[in-house]
Amino acid sequence: MSLGGRELKLLKEMSESFGPSGFETETASIVKKAGERFADEVLKDKLGSVIFRMKGKAERPRVLLAGHIDEVGFVITGIDEKSGFLTFNPLGGWFDQVLLGQRVKIRTAKGEVVGVIASKPPHLLSPDEREKVVKVNQMFIDVGARNRETVEDELGVKVGDPVAPSAEFLTSISERVVIGKAFDDRIGTFVGLQVMKMLREAGIVHPNTLFMAATVQEEVGLRGAQTVSHVVDPDVAVVLETDIAGDVPGIKQSEAPAKMGCGPSIITFDASMIPNQPLKRLVIETAEEEGIKYQLSSVARGGTDGGKFHLGRSGCPSIAICVPTRHIHSHSAIADVSDIEATSRLVVALVRKLDESRVESLTSI
Ligand SMILES: [Zn+2]
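Residues numbered from 1 in each chain as written. Predicted model: local features only at pLDDT ≥ 70, side-chain atom pairs only at ≥ 80, totals over all residues.

Draft legend 1. Structural context of the overall build of the protein chain. Assigned secondary structure in the protein chain consists of 10 helices and 17 strands. A compact globule built from 365 residues should have a C-alpha radius of gyration of about 21 Å, and the protein chain, at 21 Å, falls within 12% of that. Oriented by its inertia axes, the alpha-carbon framework of the protein chain measures out at about 65 × 40 × 40 Å. Within the span of the protein chain, comprising 365 residues, buried residues form 50% of the whole. Relative to all contacts within the protein chain whose residues are 6 or more apart in sequence, the contacts with residues 24 or more apart total 77%. (Helix = DSSP H or I, 4+ residues; strand = E, 2+ residues; numbered from the N terminus. Rg over C-alpha atoms; globule rule 2.2 N^0.38 Å. Buried ≥ 20, exposed ≤ 12 C-beta atoms within 10 Å, placed from the backbone. Contact = placed C-beta atoms within 7 Å.)

Draft legend 2. Looking closely at the pairing of strand 12 (residues 209–215). Counting buried residues along strand 12, seven of its seven residues qualify, which places the element largely inside the surrounding structure. Side-chain alternation along strand 12 places Thr209, Phe211, Ala213 and Thr215 on one buried face and Leu210, Met212 and Ala214 on a second face that is also buried. Relative to strand 12, strand 2 (residues 50–54) runs antiparallel, the two sharing five bridges. Directly across from Arg53, in strand 12, lies its bridge partner Phe211. (Pairing = 2+ DSSP bridges.)

Draft legend 3. Structural context of the packing of helix 7 (residues 277–290) against helix 9 (residues 337–353). As a packed pair, helix 7 and helix 9 sit with axes 9 Å apart at the nearest point and diverge in direction by 115 degrees. Remark: the crossing between helix 7 and helix 9 carries right-handed chirality. Between helix 7 and helix 9, the residues in contact are Leu282, Val283, Thr286, Ala287 and Glu290 and Arg345, Leu346, Ala349, Leu350 and Lys353, respectively. (Axes fitted to C-alpha atoms, helices over the stretch in contact; angles between N-to-C directions. Left-handed = near helix turned anticlockwise from the far one by under 90°.)

Draft legend 4. Broad picture of helix 7. Taking 1.5 Å as the rise per residue, helix 7 with 14 residues should run 20 Å; its terminal C-alpha atoms sit 20 Å apart, in good agreement. Among the residues making up helix 7, those that are buried are Leu279, Leu282, Val283, Thr286 and Ala287. Along the long axis of helix 7, the arc covered by the buried residues comes to 135 degrees, so they all point the same way. What points out from helix 7, more than 90 degrees from its buried face, is the exposed set Gln277, Arg281, Glu285, Glu288 and Glu289. The inward-facing, buried residues of helix 7 contact strand 13 (236–244), strand 14 (265–270), strand 16 (318–326) and helix 9. Directly beyond the C-terminal end of helix 7, a positive phi value near 65 degrees is found at Gly291. (Expected span 1.5 Å × (residues − 1). Arc of directions from axis to C-beta.)

Draft legend 5. A look at the domain arrangement of the protein chain. In terms of domain boundaries, the protein chain breaks down into domain 1 (5–71 + 181–361) and domain 2 (74–165). For domain 1 versus domain 2, the distance between C-alpha centres works out to 33 Å. Taken together, the contact between domain 1 and domain 2 spans 13 residues of the former and 14 residues of the latter. Considered class by class, the residues forming the side of domain 1 that touches domain 2 number four nonpolar, six polar and three charged. (Domains from an automatic or database assignment. Nonpolar A, V, L, I, M, F, W, Y, C, P; charged D, E, K, R; others polar.)

Draft legend 6. Inspection of the environment of Glu112 at higher detail. By the secondary structure assignment, Glu112 is in strand 7 (residues 111–118). For Glu112 and Val157, which are 45 residues apart along the polypeptide, the C-alpha to C-alpha distance reads 9.3 Å. Look past the residues within four positions of Glu112 in its chain and what remains in contact with it is Lys105 and Arg107.

Draft legend 7. Highlighting the environment of Met14. Here Met14 is to be found in helix 1 (residues 5–16). Residue classification places Met14 among the buried residues on the basis of 25 C-beta atoms within 10 Å. When the C-alpha atoms of Met14 and Gly312 are compared, they prove to be 29 Å apart, with 298 residues separating the residues in sequence. Not counting residues within four places of it along the chain, the set of residues in contact with Met14 comprises Thr27, Ile30, Val31, Arg186, Thr189 and Phe190.

Draft legend 8. The nonpolar core, seen in detail. Within the largest apolar cluster, 75 residues are counted, with the highest numbers of intra-cluster contacts made by Leu65, Phe211, Ile321 and Val347. Setting aside its immediate chain neighbours within four residues, Phe211 contacts Ile51, Phe52, Arg53, Arg62, Val63, Leu64, Leu65, Val232 and Pro234. The next biggest cluster of nonpolar side chains, apart from the first, holds 21 residues, and it includes Val113, Ile117, Ala145 and Val157. (Core = buried A, V, L, I, M, F, W, Y, C linked by C-beta atoms within 7 Å.)

Draft legend 9. Quick look at the packing of helix 1 against helix 5 (residues 183–201). Close contact between helix 1 and helix 5 brings their axes to 9 Å; oriented N to C, the two are set at 145 degrees. Handedness of the helix 1/helix 5 crossing: right-handed. Contacts between helix 1 and helix 5 involve Leu11, Met14 and Ser15 from the first element and Phe183, Arg186, Thr189 and Phe190 from the second. Partitioned by chemical class, the residues of the contact of helix 1 with helix 5 number four nonpolar, two polar and one charged.

Draft legend 10. Structural view of unusual backbone geometry. The omega angle of the peptide bond from Arg60 to Pro61 is 0 degrees, so this bond is cis rather than trans. Turning to its location among the elements, Pro61 is positioned in the loop between strand 2 and strand 3 (62–68). For the bond running from Asp184 to Asp185, omega is 15 degrees, close enough to zero to count as cis. Not every positive phi belongs to a glycine, and Gln217 is a case in point at roughly 55 degrees. Along the chain, Gln217 turns up in the loop between strand 12 and helix 6 (223–232).

Structure representation (structure tokens):
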């Protein structure tokens, strides 16, 4: 299986859609439309997550795949009385230094407004000031207006309006590399949709009931994972995510072991979860059987929706399988199409193995 124009078009649509944490409706409806034809039922929680159910040979185990559809963004906190410049708060974790000069979209009751994140012009800074990093609280959003009336009355911008990065999805190196925003974690969600498609198109009857969830509000504390866990009541959970690709200048191998283009990465440890060990071994064994190159990774800070899933009810064996991605949480992340394909294949093979006795064995003592 390789990603064709139709698949890349869907990934582009997902990537470019507007969906900061708490404001994911647009992305959710794209995902719903893309997945519903493969599902037997479409469910939801009451936070905005979409959940597909696919019948298999047995009611149990209930296997949960999940990717989050929210992206890091901002929320408007104020409109300057005179000038109309906007102050904002981050939604999720941003590195201040990737913000200046970037375009954003503000969703208002009247529609979409384009703006630019800016600060005091460098030309006017003292030599001392120029040496210093500009912090996010010194930045503002400029929509090109000269007064508050234009911003508030004409454009309809209000305190509390959501803001998302504005970035075109592009391909490079003969469509083998993709560049865009919100890859964390629209790519993981896309892998989930691919898995559903591959199972359906190949007529595979999996020995379980499969749930594929597009969760919301991950970037602000794994909130959608909590409600999805309640709806699905999974027996085993596989989080589909992006991992930080450490193959960029200035990173030690041990800090971020995964490399772009070298296959799915299996998170062996992060700040939110230690994966179920028999499940980790099963994922590795499956990759080896399928001849899929994989990478063992760890993330000292940060976590995934697995942080909530593995603590559902009396516990749920969980793991995160990721697409190594460069520059996440920026306007321009980069990922390798072959990693997306390989991750999808690995997850299909894994789902086929998760029958009742196998899942029970994950927690045997
Ligand atoms: Zn993520």
